[in-house]
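Summary of structural features
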Amino acid sequence: MTELLSLSVLALMFCLSLGLVRILLGPGAGNRMLATQLIGTAGVGTLLLLGSLLEQPALYDVALILALLAAVAAAAFTGVREGGDG
Amino acid sequence: MNSTSLLVFDVLLLVSILSLAWASLATRDARNSVILFMAFGLVLAVAWSRLMAPDVALAEAAIGSGLSGALLLAAVYRSRGQQPAAQQQSTGEHNTSAATVAARWAVTLLSAAVAGVLAWALLHASGSAPHDTLPLAIAANLDASGVSNPVTAVLLNFRAYDTLLELAVLLTAVLGIFALGPAAAGYRPAGPVFAGLTRWLVPLLILAAGYLLWAGAHAPGGAFQAGATLAAAGVVLRLAGRQHIGLPAGGTLRVLIAAGAGVFLTVGLVLFMTGRPFLGYPTAWAGTLILLIESAAMLAIAATLVLAFVGGRPQAAGTPAHTAGAKPVPGNPGKE
Amino acid sequence: MADILAAILILAGLFFYLAGSIGLLRLPDLYSRLHALTKADNLGLGLLVAGLAVHAQDLLTALKLVLIWLAVLAASAASSHLIAQHAHRQEAED
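All right, on to the overall build of chain B then. The number of helices and strands found in chain B is 12 helices and 0 strands. Start at the N end of chain B and walk to the C end: the helices and strands fall as α-α-α-α-α-α-α-α-α-α-α-α. The burial tally for chain B puts 38% of its 336 residues in the buried class. When contacts within chain B are restricted to residue pairs at least 6 apart in sequence, those whose partners lie at least 24 apart make up 70%.

Shown next as structure tokens:
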């Protein structure tokens, strides 16, 4: 089981790196924001797996906060100021 | 986790962190830079977790990604609004005035110096014999500290004076924010999807903040992480165009912010006057006092961070939106 | 027995994660990428959470994991909509 968890952590880090490619390439802010969402979700998955692997339940809390704050980041990106140009 | 997978994991993490940091600084467009910085914060939170530092990971996840990103994006919008359109075209090109070049060199040399000092410290530490004196000392005194989380024990008990001064620094920052004058206009009211997100996200953030505050005594958490999470709730409300973003009206707000350092100071002085050392908690009361101080600190930190995002003195509910150059509305003390 | 079930769930979750990430790179434009990424990633996370919950064999931990998944689910749904709406608005202005 621990080997599977280790390999899973590696697989998720690999997914995160794929998101990196998009965030560096992606034309425009929308693509980059999308890649940030991937990094957020892959990060949450990595933290959950690490929490189980290293037996640190505190990492589940970190995963929760990460998930919520990634939503805040997306909201900040799309907020339109009053009388502003977005 | 066996050493090869750990190594590959670490390498992937390092490559991600370095490339995101580099790209964030190398991008011309300010908004792309901020988005890359937000992603950098997310990856850094994973890195802290891998280094077995969940308290720092919590703080990084709360402050380093969402809140800093929101703050920087607001700053980017504001600076764009102040530049005429023609000038905005040329911000993508190199600005080659002598002052800018000198400033860039100064920042580069300073960063290199800091990195050099850190590298020297790391090499020195890994080269010498392991010193376990600090962890042993903390472990020996943990029972008398009133909490069972060593990080909280250090922050709120053994090195409480430093935390008190940090809260005073935050208070000073709020004074600076207030000095900027009334806050600019807010955001447009949210559409249905965003409003729906707000409806569950804000209560969950508040709940999470309370949980982190409580858990800080025995698990990773504490006042700073809780305060940042609470601030995120206020930031979401502001982004959704709400008038009420959780900050109390004028006078109460000032008391709330001052109470962060104030409660801490009061506890210390009361203990001092009863004959104990300043901030020397009696063992039986230590846990309760720490919780009291952390609660006040959480509220103050949250208010400070929300004010930093608002970017000025918050307006009272009901006053019309304030545009730059118009006369300020005569003070209508908050009816929020 | 529980371990085998957990292993299957985790592997299935990884498959969907990888599918979503590859979609992010290969699909032609922003909207299709959003579509693929949000659906695949959240399903992957759900399966991952299910596997970890089975592995944990502790009700409180399992509930916390499910809460995290639900929060990510709702947040991703709203975030992807907001990003798409923003991009659409930008295109309309050009």
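Bringing the overall build of chain C into the picture now. Of regular secondary structure, chain C possesses 3 helices and 0 strands. Compactness check: chain C gives a C-alpha radius of gyration of 16 Å against a globular reference of 12 Å for 94 residues, more than 25% above the reference. Once the C-alpha set of chain C is aligned to its principal axes, its extents read approximately 55 × 25 × 10 Å. Looking at chain C as a whole, 45% of its 94 residues are labelled buried. Of all intrachain contacts in chain C linking residues separated by at least 6 positions in sequence, the fraction that spans at least 24 positions is 62%.

A few words on the interface of chain A and chain C. Taken residue by residue, the interface counts 35 residues in chain A and 37 residues in chain C. Secondary-structure elements contributing two or more residues to the side of chain A that touches chain C are helix 1 (2–25), helix 2 (29–53) and helix 3 (58–78) of chain A. A per-element tally of the side of chain A that touches chain C places helix 2 of chain A first, with 13 residues. Here the side of chain A that touches chain C is composed, by residue class, of 24 nonpolar, 10 polar and 1 charged.

Turning next to the environment of Leu156(B). All names here are of chain B. Tracing the backbone through its elements, the reader meets Leu156 in helix 7 (residues 150–158). Given 29 C-beta atoms within a 10 Å radius, Leu156 is considered buried. For the pair formed by Leu156 and Gly287, sequence separation is 131 residues and the distance between their alpha carbons is 9.9 Å. Excluding anything up to four places from it in sequence, Leu156 contacts Thr163, Ile290, Ile293 and Glu294.

Another aspect to go through is helix 2 (residues 30–56) of chain C. Helix length check: helix 2 of chain C (27 residues) gives 37 Å between terminal C-alpha atoms against 39 Å at 1.5 Å per residue, within 8%. After helix 2 of chain C finishes, the residue Gln57(C) shows a positive phi value of roughly 55 degrees.

This paragraph deals with the packing of helix 6 (residues 133–145) of chain B against helix 7 of chain B. Residue and element names in this part refer to chain B. Interhelical geometry of helix 6 versus helix 7 gives an angle of 70 degrees and a closest axis separation of 10 Å. As judged from the angle between their axes, helix 6 and helix 7 are roughly perpendicular. Along this stretch, helix 6 crosses helix 7, giving a crossing that reads as left-handed. Mapping the contact onto sequence places Ile138, Leu142 and Ser145 in helix 6 and Pro150, Ala153, Val154, Asn157 and Phe158 in helix 7. A class-by-class count of the residues in the contact of helix 6 with helix 7 yields 6 nonpolar, 2 polar and no charged.

A separate point is the packing of helix 3 of chain A against helix 10 (residues 223–239) of chain B. One can describe the packing of helix 3 of chain A onto helix 10 of chain B by two numbers: an axis separation of 10 Å at closest approach and a directional angle of 30 degrees. By the criterion of interaxial angle, the relationship of helix 3 of chain A to helix 10 of chain B is roughly parallel. As helix 3 of chain A runs across helix 10 of chain B, the sense of the crossing is left-handed. Residue-level inspection shows Ile65(A), Leu69(A), Val72(A), Ala75(A) and Ala76(A) of helix 3 of chain A in contact with helix 10 of chain B, the latter providing Thr229(B), Ala232(B), Val235(B), Val236(B) and Leu239(B). Its residues assigned to classes, the contact of helix 3 of chain A with helix 10 of chain B shows 9 nonpolar, 1 polar and no charged.

The next subject is the domain arrangement of chain B. Residues and elements named next belong to chain B. Taken as a whole, chain B is organised into domain 1 (9–81) and domain 2 (140–316). Each of domain 1 and domain 2 was reduced to a C-alpha centroid, and the two centroids are 23 Å apart. Contacts between the two partners involve 12 residues from domain 1, matched on the other side by 17 residues from domain 2.

Summarising the model, chain C shows a mean pLDDT of 92, and 100% of its residues fall at 70 or more. Interface scoring of the predicted complex returns ipTM 0.93; its pTM is 0.89.

Okay, the interface of chain B and chain A next. Listed per partner, the contact involves 52 residues of chain B and 45 residues of chain A. Contributing elements (two or more residues each) for the side of chain B that touches chain A: helix 1 (3–26), helix 2 (30–50), helix 3 (54–82), helix 9 (192–215) and helix 10 of chain B. In the side of chain B that touches chain A, the residues fall into 37 nonpolar, 12 polar and 3 charged.

All names here are of chain B. As for its placement among the helices and strands, Val263 is situated in helix 11 (residues 250–273). Given 20 C-beta atoms within 10 Å, Val263 falls into the buried group. As a C-alpha pair, Val263 and Ile293 span 30 residues in sequence and 6.2 Å in three-dimensional space. Once residues within four sequence positions are removed from consideration, Val263 is found in contact with Leu292, Ile293 and Ala296.

Moving on, we come to helix 2 of chain A. Residue and element names in this part refer to chain A. Taking 1.5 Å per residue, 25 residues should reach 36 Å; helix 2 reaches 35 Å between its end C-alpha atoms and fits that length. Among the 25 residues of helix 2, 23 are classified as buried, and the element is accordingly described as predominantly covered. Where helix 2 terminates, the next one or two residues include Glu55, which has phi positive at roughly 55 degrees.

Calculation notes
- Residues numbered from 1 in each chain as written.
- Chains lettered and ligands numbered in written order.
- Predicted model: local features only at pLDDT ≥ 70, side-chain atom pairs only at ≥ 80, totals over all residues.
- Helix = DSSP H or I, 4+ residues; strand = E, 2+ residues; numbered from the N terminus.
- Buried ≥ 20, exposed ≤ 12 C-beta atoms within 10 Å, placed from the backbone.
- Contact = placed C-beta atoms within 7 Å.
- Rg over C-alpha atoms; globule rule 2.2 N^0.38 Å.
- Nonpolar A, V, L, I, M, F, W, Y, C, P; charged D, E, K, R; others polar.
- Expected span 1.5 Å × (residues − 1).
- Axes fitted to C-alpha atoms, helices over the stretch in contact; angles between N-to-C directions.
- Parallel < 35°, antiparallel > 145°, perpendicular 65-115°, else oblique.
- Left-handed = near helix turned anticlockwise from the far one by under 90°.
- Domains from an automatic or database assignment.
- pLDDT = per-residue confidence, 0-100.

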